[in-house]
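Understanding the architecture of this molecule
These are the residues of each chain, in order.
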Amino acid sequence: MGSLVVPYSEKFEDYLRDESGLVGRAESLSFPDKETEVQEIVKTMRDLGTSLTVQGGKTGLLGGAVPPGGHLMSLTKLRQVKGLAGNKLVVEPGVTLQEVKQVLAKTNLFWPPDPSEGTATVGGVAALGARGMCAHYYGDTARHIEAVRVVLADGSCRLVKRGELWAGRDLLDLFLGKEGLFGVVTELTLLLQEKPEEKWGIIFFFSTESEVIAFARAARKVEVPGAYVAALQYLDRHIQELLRKSRQVVPRLQKLPELMESGAGMVYVEIHGAWPGVEEVAEALMEAGLACGSDPDTALAVSGEAEVERMRLYRHLAVECIGLQAKGPRLSMDVRVAEGALEAVLSGFRARCDAQGIKAGVMGSLGSGLLNINILADNEALWQRGKDFLLDWLEAMKQYLAVGGGIGKTRRELFAKLAGDEAVQGIRRLKEMLDPQHLLNPGNMV
Ligand SMILES: Cc1cc2nc3c(=O)[nH]c(=O)nc-3n(C[C@H](O)[C@H](O)[C@H](O)COP(=O)(O)OP(=O)(O)OC[C@H]3O[C@@H](n4cnc5c(N)ncnc54)[C@H](O)[C@@H]3O)c2cc1C
């Protein structure tokens, strides 16, 4: 056991942070490469009464993998690809998204969740329920996982398959999207899908938010046999402006076409399917764009896997640019907007920001009504003002909003405000039942 757990020293400094901007501390670390080692470490920490933070690729944006003291267990060495059979791929949690893509490169299959950061691990993506842009069509991450093996807080290990009930709920959902609160995932059975034959991407620019919403409405109605809109991603004008301004400091942006200025930002649409359906969808979208006020001559259109990956980079690099401009932890919230309320929520948010002098950038899926709100605060006073602003806004808009993404450590207060006491107490009760010593991932979610 001694050799499995090493005391913290400066050479492990990188393990104290993720992409949230938070920096933690740890007294010891471990890098298990077998499930039995995970069990042994969990049991040891339980006996010592030492809390344990689980870490994957540490690319999370919310501090979930940042240890608040105690022990840090990195799963980056638990990274075997165990086997591909039919449409199922069994992997250990430390396998990265990049590696999953490599394994499947020569097949006609892919795993739909794709939060765009290739160094993220499958375990981290599953624990956060990270979706990526194409969840508009392919659905939430949990849909693409059939089973997990999990080490519980008492050190025991079990296989959990979709459909097993516990206390009236699907047991698998306790380990997916629950940020490692109830167990350490040590193996996952991923459900794969057939790769679309064709992928196209188009960026449209708009002058007003009403145009954006009208276009989203039209795009959602486009129906063509054999092809579909997989992503309908909005980057508002503040995010677009940030991308334009960051060109000098982010080399990868220099390899992309320079973005024009626009009054309300841009919408990235990704089309998947077979020929000629993809072309028909693209034509319908170009017509919808024109009808909604977007100049077709300014649209950026590409086709093919490599070019589409390049277009997706704007969204990916926007996340990086937001992190670069922040002087402290990221201040953001993911919300799911009630059907039909998107325009009112977006315009209300913008009016409130302008009235109170708050700088914020909004991204998100217009297809599923999921918005990622980012307060762009580059000093502490603005950060605090931004946080109070967000709390007030969530309170005011409660009837139209639900929690739409991960919580980690940085969004706990915002989560409590939006989800309410009952939801927080519900998670605490489950924690009490499954991990009464509060051993696993302390400080996450509640
Ligand atoms: C540039 C960039 C772009 C991004 N874009 C998106 C995006 O478009 N959409 C999106 O949803 N996300 C996005 N993300 C964030 C994304 O959620 C994370 O990158 C990813 O899901 C986290 O994986 P990870 O392996 O780095 O996990 P970590 O950050 O290491 O951990 C995340 C959480 O999972 C827990 N965890 C990790 N492994 C396990 C395990 N085996 N068992 C139990 N708990 C575990 C950790 O304790 C922590 O709470 C982006 C991040 C970056 C840096």
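It should be noted that the structure appears before, not after, this text.
Summary of the structure given here. Bear in mind the structure is a predicted one, so any value in this text is a computation, not a measurement.

Considerations on the overall build of the protein
For the protein, the count of helices and strands is 13 helices and 21 strands. For 446 residues, the compact-globule estimate of 2.2 N^0.38 gives 22 Å, and the C-alpha radius of gyration of the protein, at 22 Å, lies within 12% of that figure. Projected onto its principal axes, the C-alpha coordinates of the protein cover approximately 65 × 55 × 45 Å. Residue burial in the protein is summarised as follows: out of 446 residues, 52% are buried. When contacts within the protein are restricted to residue pairs at least 6 apart in sequence, those whose partners lie at least 24 apart make up 73%. Here the protein has roughly 19100 Å² of accessible surface; of this, 50% comes from carbon and sulfur atoms. Distance between charge centroids for the protein: 4 Å, based on 51 positive and 58 negative side chains.

Considerations on the site of the ligand
Among the 37 residues in the neighbourhood of the ligand, the closest are listed as Val54, Gly56, Gly57, Thr59 and Thr121. Here Gly56 contributes a backbone N or O atom positioned 2.7 Å from an oxygen atom of the ligand. At a separation of 2.8 Å, a nitrogen atom of the ligand approaches a polar backbone atom of Pro115. Ranked by residue count, the leading element in the shell around the ligand is helix 3 (residues 122–128), at five residues. A class-by-class count of the residues in the shell around the ligand yields 14 nonpolar, 16 polar and seven charged. Residues lining the shell around the ligand come from more than one domain, with at least three contributed by each of domain 1 (5–74) and domain 2 (81–194).

Points about the sheet that holds strand 20 (residues 370–375)
On the basis of which strands lie adjacent, the open sheet formed by eight strands has the order 17-14-16-15-19-20-18-21 and antiparallel pairing. Two strands lie at the open edges of the sheet, namely strand 17 (300–303) and strand 21 (401–403), each paired on one side alone. Pairs of neighbouring strands in the sheet enclose a mean axial angle of 20°, with direction left out of account. As judged from the three bridges shared by strand 15 (residues 227–235) and strand 19 (residues 360–365), these two strands associate in the antiparallel manner. The residue bridging Leu235 from the neighbouring strand is Met363, located in strand 19. Its contacts with the sheet put helix 11 (residues 380–397) on strand 18 (332–337), strand 20 and strand 21, and the angle it makes with strand 20 is roughly 150°.

A closer look at the packing of helix 10 (residues 342–356) against helix 11
Orientation of helix 10 relative to helix 11, taken along the N-to-C sense of each, is 145°, at an axis distance of 12 Å. In this structure, helix 10 crosses over helix 11, and the sense of that crossing is right-handed. From helix 10, Val345, Phe349, Arg352, Cys353 and Gln356 reach across to helix 11, where they touch Arg385, Phe389, Asp392, Trp393, Ala396 and Met397. Its residues assigned to classes, the contact of helix 10 with helix 11 comprises seven nonpolar, one polar and three charged.

So, the layout of surface pockets
Taken as a whole, the second largest pocket encloses approximately 500 Å³ of empty space. If you trace the second largest pocket, you find 23 residues lining it, with Leu128, Leu176, Gly177, Lys178 and Gly405 closest to the centre. Within the residue set of the lining of the second largest pocket, elements represented by two or more residues are helix 3 and helix 13 (421–434). Residue composition of the lining of the second largest pocket, grouped by class: 10 nonpolar, six polar and seven charged. Two domains each put at least three residues into the lining of the second largest pocket: domain 2 (81–194) and domain 4 (332–433).

What about the pattern of salt bridges?
As enumerated under the stated definition, the model contains 31 salt bridges in all. Asp140 serves as the salt-bridge partner of Arg131, at 2.9 Å between the closest nitrogen and oxygen. Accessibility expressed as a relative area gives 36% for Asp140, which makes it partly exposed. Because the salt bridges share partners, they merge into one network encompassing Lys101, Asp114, Glu270 and Arg312.

Side note on helix 11
When the terminal C-alpha atoms of helix 11 are compared, their 26 Å separation across 18 residues agrees well with the 26 Å that a helix rising 1.5 Å per residue should span. Buried-residue contacts for helix 11 involve strand 18, helix 10, strand 20, strand 21 and helix 12 (412–419). Two to three positions downstream of the cap, the backbone nitrogen of Ala381 sits 3.1 Å from a side-chain oxygen, assigning the N-cap of helix 11 to Asn379.

Things to note about the packing of helix 5 (residues 209–221) against helix 8 (residues 277–291)
Viewed as axis vectors pointing N to C, helix 5 and helix 8 meet at an angle of 155°, and their least axial separation amounts to 9 Å. Between helix 5 and helix 8, the crossing angle belongs to the class labelled roughly antiparallel. Both helix 5 and helix 8 take part in a crossing whose hand is right-handed. Packed against helix 5, whose contacting residues are Phe215, Ala218 and Ala219, the element helix 8 presents Leu285, Ala288 and Gly289 at the interface. Its residues placed into classes, the contact of helix 5 with helix 8 shows five nonpolar, one polar and no charged.

Section: the sheet that holds strand 4 (residues 71–74)
Hydrogen bonding along the main chain pairs the strands of a sheet, whether they run parallel or antiparallel. The strand order across the open sheet formed by four strands is 1-2-4-3, and the pairing between neighbours is mixed. Every interior strand has two partners, whereas the edge strands, strand 1 (5–7) and strand 3 (52–55), have only one. Ignoring strand direction, the axes of neighbouring strands in this sheet form an average angle of 25°. Note that strand 1 and strand 2 (residues 28–30) share three bridges and pair antiparallel. Paired with Val6 across the bridge in strand 2 is Leu29. Here helix 1 (residues 35–48) sits on the sheet and contacts strand 1, strand 2, strand 3 and strand 4; the angle it forms with strand 4, its principal contact strand, is near 170°.

Describing the pairing of strand 3
Residues in a regular strand point their side chains to alternate faces of the sheet. On strand 3, burial covers both faces: Leu52 and Val54 on one face and Thr53 and Gln55 on the other are all buried. In terms of strand pairing, strand 3 meets strand 4 through four bridges, oriented parallel. Directly across from Gln55, in strand 4, lies its bridge partner Ser74.

Some points on the pairing of strand 9 (residues 157–161)
Across five bridges, the pairing between strand 8 (residues 145–151) and strand 9 is antiparallel. Looking at strand 9, one finds that Val151 is bridged to Cys157. Hairpin connection from strand 8 to strand 9: five residues lie between these consecutive antiparallel strands, with Gly155 at a positive phi of about 90°.

A few points about a negative patch on the surface
Taken together, Glu279, Glu280, Glu283 and Glu287 make up a surface patch of like negative charges. One can find Glu280 in helix 8.

Parameters at a glance
Residues numbered from 1 in each chain as written. Predicted model: local features only at pLDDT ≥ 70, side-chain atom pairs only at ≥ 80, totals over all residues. Heavy atoms only, no water. Helix = DSSP H or I, 4+ residues; strand = E, 2+ residues; numbered from the N terminus. Rg over C-alpha atoms; globule rule 2.2 N^0.38 Å. Buried < 20%, exposed > 50% of the residue type's maximum accessible area, 1.4 Å probe, protein only. Contact = heavy atoms within 4.5 Å. Areas by Shrake-Rupley, 256 points an atom, 1.4 Å probe, with all protein chains shown as cover. Lys, Arg positive; Asp, Glu negative; His and termini not counted. Charge placed at Lys NZ, Arg CZ, Asp CG, Glu CD. Near = heavy atom within 4 Å. Polar contact = N/O pair within 3.5 Å; in protein donor to acceptor, adjacent residues only side chain to side chain. Nonpolar A, V, L, I, M, F, W, Y, C, P; charged D, E, K, R; others polar. Domains from an automatic or database assignment. Pairing = 2+ DSSP bridges. Axes fitted to C-alpha atoms, helices over the stretch in contact; angles between N-to-C directions. Left-handed = near helix turned anticlockwise from the far one by under 90°. 1 Å grid on protein atoms, 1.4 Å probe; cavity = no way out; pocket = protein on both sides within 12 Å on 5 of 7 lines; lining within 4 Å. Points joined across faces, edges and corners; volume = space filled by probe spheres on them. Salt bridge = Lys/Arg side-chain N within 4 Å of Asp/Glu carboxyl O. Expected span 1.5 Å × (residues − 1). Parallel < 35°, antiparallel > 145°, perpendicular 65-115°, else oblique. Patch = residues over 30% accessible without salt bridge, like charges linked within 9 Å, V, L, I, M, F, W, Y side chains within 5 Å.

In short, the description is geometric, and any link to function would need to be established separately.
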